Amino acid sequence: MRRGEKKTFQSTPELDRYHERIAAYHLAPLWQRLGSLLTPEPRVASKPQLWHYDGLRELLLESAGLISAEEAERRVLILENPGLPGTSAITETLFAGLQLVMPGEIAPSHRHSPAALRFILEGEGAYTAVNGEKLPMHPGDFIVTPSWCWHDHGHHGSGPFVWLDVLDLPQVRNTGAIFFEEYPDLRYPESRPPEDSFYRYGVNMVPVEHRTSGTKSPLLSYPYERTRKALENLKQHSPIDPCHGLRMEFIDPTTGRAAIPTISTFIQLLPTSFESDDYRSTDGTVFCVVEGTGTIKFGSGSNHIEFRYAPRDIFAVPCWQFHRFAADEETVLFSASDQATQTQLGLWREQRGDYAAI
Ligand SMILES: [Fe+2]
């Protein structure tokens, strides 16, 4: 047998009996499993999927009449990938959910070992508080809740307030290191002025006594007003990447690394009529449409899947899945993936090119 040829072995009664005997000792033959454990390329269970916001919103609002935010702890509809039923995961490594807070409600304070992010979709007048710092939330804002930080949410405005939650929960769950704790009161005491972290770390300065842990970004909020201005300015002068358009990463300004150690987060702009090249990477990614309409296409020919996207729609792009964008209008996309984890482990790969030619 030459190297590279698929290995087959002849089952014999002796070998079968041997397999049965070793199973009693909690042993298994690697020669039977090697092919499924070490595949030439990634094989993941998650599938491309898009959730239209209009339909989601209607179902989410219905839950407000059935359960309060306090009763629910968090009134969240989990976006569960159809290829990962029962796992509460949108990709192999990320949890995503749509959270609703109604006027006057408080989602009680708690903390957990998985880190979280909020990406705001709809409403005015709500806040999230992280370790006693109140952070106002506006559509398009990206807010970080680092691992094991107390957090609660409240809403002083009118109308429903909705955001996308993304957590590294499946990654942390795989390590076993899940911890969760409820704060004894509904709210953690307000111990720092509103937006304290932004003025300490978000204006290109850092307090001289600051020492970074490297695991928790001290900057908690990335307001869309600034993000959008950055994109608008850059699009005048920057080359457009054939796969990503104009793409920027949110970072911890004290380390230059990802804003969350286990989750990379990005904002990208696709110009009007932009058609991207095919692209795939090993980080399964959650996208949220901020502005614009267009199409995302997976694969090609008879195997292709195509989704139309509009503002606030959310879609999952699995690991190593070729995809391409076609923007009808100028499009802004927020995205989150486990690229940060994979990069730290030396695992991350990408491929650009013509899918049909590969
Ligand atoms: Fe939480």
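Coordinates for the structure precede this section.
Worth saying up front: this structure is predicted, and the values here are computed from it rather than measured. (Residues numbered from 1 in each chain as written. Predicted model: local features only at pLDDT ≥ 70, side-chain atom pairs only at ≥ 80, totals over all residues. Heavy atoms only, no water.)

**Some thoughts on the overall build of the protein chain**
Keep this limit in mind: Put simply, DSSP marks the helices as runs of H or I at least four residues long and the strands as runs of E at least two long, and each gets a number from the N terminus on. Each radius of gyration reported is based on C-alpha atoms, and the globular scaling rule is 2.2 Å times the count of residues to the power 0.38. Each residue gets one of three labels from its accessible area relative to the maximum for its type: buried under 20%, exposed over 50%, partly exposed in between, using a 1.4 Å probe on protein chains only. Accessible surface area values rest on a Shrake-Rupley calculation with a 1.4 Å probe, where residue burial reflects the displayed protein chains alone. We treat Lys and Arg as the positive residues and Asp and Glu as the negative residues; His and chain ends play no part in the count. Note on charges: their place is set at NZ of Lys, CZ of Arg, CG of Asp or CD of Glu.
Along its length, the protein chain carries eight helices and 22 strands. In terms of overall size, the protein chain behaves like a compact globule, its C-alpha atoms giving a radius of gyration of 23 Å where 358 residues would be expected to give roughly 21 Å. If you line up the protein chain on its principal axes, its C-alpha atoms span 70 × 50 × 50 Å. The buried share among the 358 residues of the protein chain stands at 46%. Entry remark: accessible area of the protein chain is about 18200 Å², with carbon and sulfur atoms responsible for 54%. One finds the centroid of the 34 positive side-chain charges in the protein chain at a distance of 7 Å from the centroid of its 46 negative side-chain charges.

**Quick notes on the sheet that holds strand 6 (residues 126-130)**
As a reminder, the rule being used: In this description, strands pair whenever DSSP reports at least two bridges between them. Axis lines are fitted to C-alpha atoms, over the contacting stretch for helices. Their N-to-C directions set the angle, which ranges from 0 to 180 degrees.
Strands sit in the order 7-6-9-4-11 across an open sheet of five strands; the sheet is antiparallel. Edge positions in the sheet fall to strand 7 (133-136) and strand 11 (180-182), since each of these pairs with one other strand and no more. If you compare each strand with its neighbour and ignore which way they point, the axes differ by 25° on average. The sheet contact formed by strand 4 (residues 106-112) and strand 9 (residues 151-155) spans three bridges and is antiparallel.

**As for empty space enclosed by the protein**
Cut-off, in case you're wondering: Points on a 1 Å grid, built from protein atoms alone, make a cavity when a 1.4 Å probe fits but cannot get out and make a pocket when they are open with protein on both sides within 12 Å along at least 5 of 7 lines; residues with an atom within 4 Å of a point are the lining residues. Grid points are joined across faces, edges and corners, and a volume is the space filled by probe spheres set on the points. Nonpolar residues are Ala, Val, Leu, Ile, Met, Phe, Trp, Tyr, Cys and Pro. Charged residues are Asp, Glu, Lys and Arg, and all others, Gly as well, are polar.
Counting across every chain of the model gives three cavities of 30 Å³ or more. Taken as a whole, the largest cavity holds about 130 Å³ of empty space. As for the largest cavity, its lining consists of 16 residues, of which R247, Y279, S281, F287 and H323 are closest to the centre. Listed by contribution, the elements that provide at least two residues to the lining of the largest cavity are strand 15 (278-281), strand 16 (285-291) and strand 20 (323-327). Looking at the lining of the largest cavity, the element that brings in the most residues is strand 15, giving three residues. Classifying every residue of the lining of the largest cavity by side-chain character gives seven nonpolar, six polar and three charged. The volume enclosed by the second largest cavity comes to roughly 50 Å³. Residue classes in the lining of the second largest cavity are distributed as five nonpolar, three polar and three charged.

**A few points about the coordination of the iron ion**
Our working definition: Metal coordination here is assigned from N, O and S atoms located within 2.8 Å of the ion, or within 3.2 Å for Na, K and Ca; omission of water means that sites may look incomplete.
The protein atoms that coordinate the iron ion are H110 (NE2), H112 (NE2) and H151 (NE2), at distances spanning 2.1 to 2.2 Å. Sequence spacing of the donor residues for the iron ion, all on one chain, is H-x1-H-x38-H. According to the relative accessible area criterion, H112 is buried, its value standing at 11%.

**Topic: the sheet that holds strand 10 (residues 161-167)**
A sheet is described by the order of its strands in space; here six strands give the open sequence 2-3-10-5-8-12, paired in antiparallel fashion. The open sheet has two free edges, formed respectively by strand 2 (76-78) and strand 12 (221-222), since each of these has just one partner strand. Of the pairings in the sheet, the one linking strand 2 to strand 3 (residues 95-101) comprises three bridges and is antiparallel in character. Residue pairing in the sheet places I78 in a bridge with G97 of strand 3.

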